[in-house]
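So the chains spell out like this:
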Amino acid sequence: MTQDELKKATAEAALKRILPHLEDNMIIGIGTGSTANFFIDALAAHKAKFDGCVASSQASADRLKGHGIQVYDLNSVSSLRFYIDGADEANEHLHLIKGGGAALTREKIVAAVAKEFICIADGSKKVDVLGQFPLPVEVIPMARSHVARELVKLGGDPAYREGVVTDNGNVILDVWNMQIVDPMTMEQKINQITGVVTNGLFAQRPANVLLLGMEGGVKTITA
Ligand code: 5RP
């Protein structure tokens, strides 16, 4: 199977998992990226069974609206039963690196509100130690050089993601060469640097369920 076929199979497994729980008044949190897109496309056939979605990016909001799915502002929603999103890396504790699509801050906010975060990824995203994928950090533009210097002190090699502006009007530094053996502590340390909006480590709020698309089927890992 191709990587896209594995992503699609995983998205469909997530849909199968949430289908029995859908209710008229339910609002679902939706992430960003190609795996989340497969989920959106599969979810569309069932749009009459729930109220609408909150999206973690403008791109996902546009895709949802294209399917005729109502998109809500998170501020008008008090709870989300599910948040479904992809990841760039995941470890056995369901700690994640996210932000390859530059949507990490909104993803973290929506995940914080959700009762259950179902992470969907192809099997290549599962690693023993996080950090092979460069860790995205969203930064206030005027703080970019300061934050980069502080990230070097933490042992990383930050690279400015040229030409990318987040939905929040900020920039992204991708931090290479980090062996993140203690994701909880590293998430906290990076977030304490002045000028950082947030970083792509999801350890303090990990996924609750990880669905991994593999050749032999979709593997489920729960916290
Ligand atoms: C976007 C993300 C995505 O979930 C992550 O980059 C995975 O993307 P894909 O499903 O395309 O592999 O965090 O900010």
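In this text the structure is predicted, and so the values were computed from the model without any measurement. (Residues numbered from 1 in each chain as written. Predicted model: local features only at pLDDT ≥ 70, side-chain atom pairs only at ≥ 80, totals over all residues. Heavy atoms only, no water.)

Asks: Describe the packing of aromatic side chains, listing the residues and the values that go with them.
Replies: Evaluation of the coordinates by the stated rule reveals 2 aromatic pairs. A centroid spacing of 5.0 Å and a plane angle of 50° characterise the contact between Tyr83 and Phe117, whose relative ring orientation is tilted. Of this pair, Tyr83 sits in strand β3 (residues 80–85) while Phe117 sits in strand β6 (residues 114–122), and the two are 34 residues apart along the sequence. The class of Phe117 is buried, set by a relative accessible area of 0%. Measuring from centroid to centroid gives 6.4 Å for Phe117 and Phe202, while their planes differ by 65°, and the two rings are edge-to-face. Of this pair, Phe117 sits in strand β6 while Phe202 sits in strand β11 (residues 201–202), placing them 85 residues apart in sequence. Here Phe117 matches Phe202 in class, with each residue buried. An aromatic cluster is built from Tyr83, Phe117 and Phe202, whose rings are joined through pairwise contacts. (Phe/Tyr/Trp six-rings, centres within 6.5 Å; stacked < 30°, edge-to-face > 60°. Helix = DSSP H or I, 4+ residues; strand = E, 2+ residues; numbered from the N terminus. Buried < 20%, exposed > 50% of the residue type's maximum accessible area, 1.4 Å probe, protein only.)

Asks: Could you give an account of the UniProt feature "active site" (unreviewed entry) in the protein, naming the residues involved and the relevant values?
Replies: The sites that carry the UniProt feature "active site" (unreviewed entry) are, in the present numbering, Glu107. Along the chain, Glu107 falls in helix α4 (residues 104–113). Overall, the relative accessible area of 3% leaves Glu107 in the buried class. The contacts of Glu107, once residues within four sequence positions are left out, are Thr32, Ser56, Tyr83, Asp85, Lys98, Gly99 and Phe202. (UniProt positions renumbered as here; feature names shortened; annotations may be inferred. Contact = heavy atoms within 4.5 Å.)

Asks: Describe the sheet that holds strand β13 (residues 217–222), and please don't skip the residues or the numbers.
Replies: Ordered by their spatial adjacency, 6 strands build an open sheet running β2-β1-β3-β6-β12-β13, and the pairing between neighbours is mixed. Of all the strands in the sheet, just β2 (52–55) and β13 have a single pairing partner and so form its edges. Across the sheet, the mean angle from the axis of one strand to that of its neighbour is 25°, orientation sign disregarded. By the bridge criterion, 5 bridges tie β6 to strand β12 (residues 209–214) in an arrangement that is parallel. Bridging from a neighbouring strand, Ala121 pairs with Leu212 of β12. (Pairing = 2+ DSSP bridges. Axes fitted to C-alpha atoms, helices over the stretch in contact; angles between N-to-C directions.)

Asks: Outline the site of the ligand, supporting the account with residue identities and numerical values.
Replies: The local shell around the ligand holds 17 residues, among which Ser34, Thr35, Asp88, Gly99 and Lys125 are the closest. In this structure, an oxygen atom belonging to the ligand sits 3.1 Å away from a main-chain N or O atom of Thr32. Between the ligand and Thr35 there is a distance of 2.5 Å, counted from an oxygen atom to a side-chain nitrogen or oxygen. Isolated, the ligand exposes 380 Å² of accessible area, and the fraction of that covered by the protein chains is 91%. (Near = heavy atom within 4 Å. Polar contact = N/O pair within 3.5 Å; in protein donor to acceptor, adjacent residues only side chain to side chain. Areas by Shrake-Rupley, 256 points an atom, 1.4 Å probe, with all protein chains shown as cover.)

Asks: Please set out the pattern of salt bridges residue by residue, giving values where relevant.
Replies: Inspection of the entire model under this criterion finds 10 salt bridges. Among the ionic pairs, Lys108 bridges to Glu187, the shortest N-O distance being 2.8 Å. Note that Lys108 is positioned in helix α4 and Glu187 in helix α6 (residues 183–191), a separation of 79 residues in sequence. The residues Lys108 and Glu187 share a single accessibility class, namely buried. If you follow the salt bridges from partner to partner, you end up with Arg17, Arg81 and Glu116 in one network. (Salt bridge = Lys/Arg side-chain N within 4 Å of Asp/Glu carboxyl O.)

Asks: Help me get a handle on the environment of Phe133, residues and values and all.
Replies: Tracing the backbone through its elements, the reader meets Phe133 in the loop between β6 and β7 (135–139). Beyond its immediate stretch of four places on either side in the chain, Phe133 contacts Asp88, Glu89, Ile97 and Gly100.

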